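# Structural overview for review
Read off the chains here:
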Amino acid sequence: MRTVNDFIDYFKIELNNREESREIMSFISLLLYKIRGYELADIIVKGEDSLNEDELEFLLKATERLKNGEPIQHITSFVIFFGSHFKSDKRALIPRPETEELLEWIIISNSSGDYNILDIGTGSGCIAISLKKRWPKSKVEAWDVSIEALELAKENSSINNADVNFLEKNLFHHPFPDNMDIIVSNPPYVTISEVCKMRRNVLDYEPGVALFVPDDEPLLFYREIALKACRSLNSQGSLYFEINRKYHIQIKEMLLEMGFINVELRRDLFGNYRMVRAIWPGGDLDIS
Ligand code: GLN
């Protein structure tokens, strides 16, 4: 094996039984981007370029790791999320396209750019960092219970030059800061009974603490976050969640019961209810 084309032929044969051809092409392009900075269009014209020993070694190892089901984002150690580069490894969930859609919703529906923002369960930091980059005047605070995830998030904030206040905090043990305009969370929402339906590369390589919630308490995180959010949000402040489509009705009802208004569900690009937004009307509720 000597050239880019030789590698492509080899890779296609090796991965043939595992993945669809579209997926194979996307892997090839990510691997060549990693070592050579090639864009998809370059690959066609650079097919006869020769690969040096280090590059070949990386590509052969990458092929084996992919065959073992390791996510491509861990092998290249980066992911492009909302137009920015993020480091991605086993310390946190890989940023996903559904979460980009949530972010897009937040950005489109808020325009002043000067907000107090809180991100609960920040993981890789992708939501908090993307919001800070979009609205540099905003103050963004982001919590996680995982020290490893926070280390990754801090690395990502320096890669992206985004000043986010990352804190190691368990949401069940601390009140939220006052005067928030936007609270956002993509908490764990996969129930244990859904585990068998998940792809092996998610289960083997991504942290369970970021994914799972007990079957008998699927709304555990949503309830706690929403209860704390209503004390912390300014009048007309908004709460955004990424959700498990199975519980979209329950989550909407819970938010309405708590006094949130304009509760709106949205579907993701796969057509599943994947996110919700709720507005806090402000003022104290009359509980007499
Ligand atoms: N969407 C993720 C998945 O299906 C789960 C994310 C989460 O639990 N917050 O793997």
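Our subject is the structure that appears above.
The text that follows walks through the structure, step by step, so that each part is easy to find. (Residues numbered from 1 in each chain as written. Predicted model: local features only at pLDDT ≥ 70, side-chain atom pairs only at ≥ 80, totals over all residues. Heavy atoms only, no water.)

## As for the overall build of the chain
When helices and strands are tallied, the chain shows 11 helices and 11 strands. The C-alpha radius of gyration computed for the chain amounts to 21 Å, which stays within 12% of the reference 19 Å derived for 288 residues, consistent with globular compactness. Along the three orthogonal principal directions, the C-alpha set of the chain runs to about 80 × 40 × 30 Å. Evaluated residue by residue, the chain yields a buried proportion of 50% over its 288 residues. Pairs at least 24 apart in sequence give 65% of the contacts found in the chain among residues at least 6 apart. About 14500 Å² of surface is accessible on the chain, with carbon and sulfur atoms providing 49% of the total. Of the charged side chains in the chain, 34 are positive and 46 negative, and the gap between their average positions amounts to 1 Å. (Helix = DSSP H or I, 4+ residues; strand = E, 2+ residues; numbered from the N terminus. Rg over C-alpha atoms; globule rule 2.2 N^0.38 Å. Buried < 20%, exposed > 50% of the residue type's maximum accessible area, 1.4 Å probe, protein only. Contact = heavy atoms within 4.5 Å. Areas by Shrake-Rupley, 256 points an atom, 1.4 Å probe, with all protein chains shown as cover. Lys, Arg positive; Asp, Glu negative; His and termini not counted. Charge placed at Lys NZ, Arg CZ, Asp CG, Glu CD.)

## A few points about the packing of helix α1 (residues 4-15) against helix α2 (residues 21-36)
Running from N to C, α1 and α2 cross one another at 140 degrees; their axes reach a closest spacing of 11 Å. Our classification of the angle between α1 and α2 gives oblique. The two elements α1 and α2 cross, and the hand of that crossing is right-handed. Between α1, through V4, F7, I8, F11, K12 and L15, and α2, the contact on the second element is made entirely by I24, M25, F27, I28, L31 and L32. (Axes fitted to C-alpha atoms, helices over the stretch in contact; angles between N-to-C directions. Parallel < 35°, antiparallel > 145°, perpendicular 65-115°, else oblique. Left-handed = near helix turned anticlockwise from the far one by under 90°.)

## Describing the site of the ligand
Residues in close proximity to the ligand include L93, R96, E98, N186, P187, P188, Y189, V190, A210, L211 and E242, which together make up its full environment. With respect to the ligand, the side chain of R96 contributes an N or O atom lying 3.1 Å from an oxygen atom. At 2.8 Å from a nitrogen atom of the ligand is found a side-chain nitrogen or oxygen belonging to N186. Relative to its free-state accessible area of 300 Å², the ligand is covered by the protein chains to the extent of 87%. Looking at side-chain class alone, the shell around the ligand contains seven nonpolar, one polar and three charged residues. (Near = heavy atom within 4 Å. Polar contact = N/O pair within 3.5 Å; in protein donor to acceptor, adjacent residues only side chain to side chain. Nonpolar A, V, L, I, M, F, W, Y, C, P; charged D, E, K, R; others polar.)

## Examining unusual backbone geometry
One non-glycine residue, F82, lies in positive phi territory at about 50 degrees. As for its placement among the helices and strands, F82 is situated in the loop between β1 (78-81) and β2 (84-87). In this structure F82 comes out as partly exposed when scored by relative accessible area, which is 29%. Not every positive phi belongs to a glycine, and Q236 is a case in point at roughly 70 degrees. Relative to the helices and strands, Q236 is located in strand β9 (residues 233-242).

## Regarding the packing of helix α6 (residues 97-109) against helix α7 (residues 126-134)
Two elements in contact, α6 and α7, have axes separated by 11 Å at closest approach and are oriented at 35 degrees. Regarding α6 and α7, the two cross each other, and that crossing is right-handed. Mapping the contact onto sequence places T99, L102, L103, I106 and I107 in α6 and I127, S130, L131 and R134 in α7. Split by residue class, the contact of α6 with α7 holds six nonpolar, two polar and one charged.

## Some remarks on the nonpolar core
Membership of the largest hydrophobic core comes to 35 residues, with the highest contact counts inside it found for I183, I225, L239, L255 and F260. When residues of this core are traced back to their parent elements, those giving at least two are β3 (116-120), β6 (180-185), α10 (220-232), β9, α11 (248-257), β10 (261-267) and β11 (273-280). By residue number, the principal contributor to this core is α10, which donates six residues. Grouped together as the second largest cluster of nonpolar side chains are 27 residues, I117, A153, V164 and I182 included. (Core = buried A, V, L, I, M, F, W, Y, C linked by side-chain atoms within 4.5 Å.)

## Side note on α6
An α-helix turns once per 3.6 residues; consequently, residues spaced three or four apart project the same way. In this model, α6 (13 residues) spans 19 Å end to end at C-alpha, consistent with the 18 Å of a helix rising 1.5 Å per residue. Every buried residue of α6 is listed here: E98, T99, L102, L103, W105, I106 and I107. Those residues of α6 that are buried are in contact with β1, α7, β6, β9, β10 and β11. (Expected span 1.5 Å × (residues − 1).)

## Structural notes on the packing of aromatic side chains
Centre-to-centre distance and the angle between the planes together describe a pair of aromatic rings. Going through the model one piece at a time under the given rule, you end up with nine aromatic pairs. Ring centres 4.9 Å apart and planes at 65 degrees place the aromatic pair Y115 and W135 in the edge-to-face group. A residue pair is termed long-range when its members are at least 10 positions apart, and Y115 in the loop between α6 and β3 and W135 in the loop between α7 and β4 (139-144) qualify at 20 residues. Judged on exposure class, the residue Y115 and its partner W135 are both buried. The ring centre of Y273 lies 4.3 Å from the NZ or CZ of R267, which sits over that ring. (Phe/Tyr/Trp six-rings, centres within 6.5 Å; stacked < 30°, edge-to-face > 60°. Lys NZ or Arg CZ within 6 Å of the ring centre and 35° of its normal.)

## Structural notes on the pattern of salt bridges
Enumeration over the complete set of coordinates arrives at 16 salt bridges. For D89, the salt bridge goes to R91, with nearest N and O atoms at 2.9 Å. Through salt bridges with shared partners, one network takes in K87, D89, R91, E151 and E155. (Salt bridge = Lys/Arg side-chain N within 4 Å of Asp/Glu carboxyl O.)

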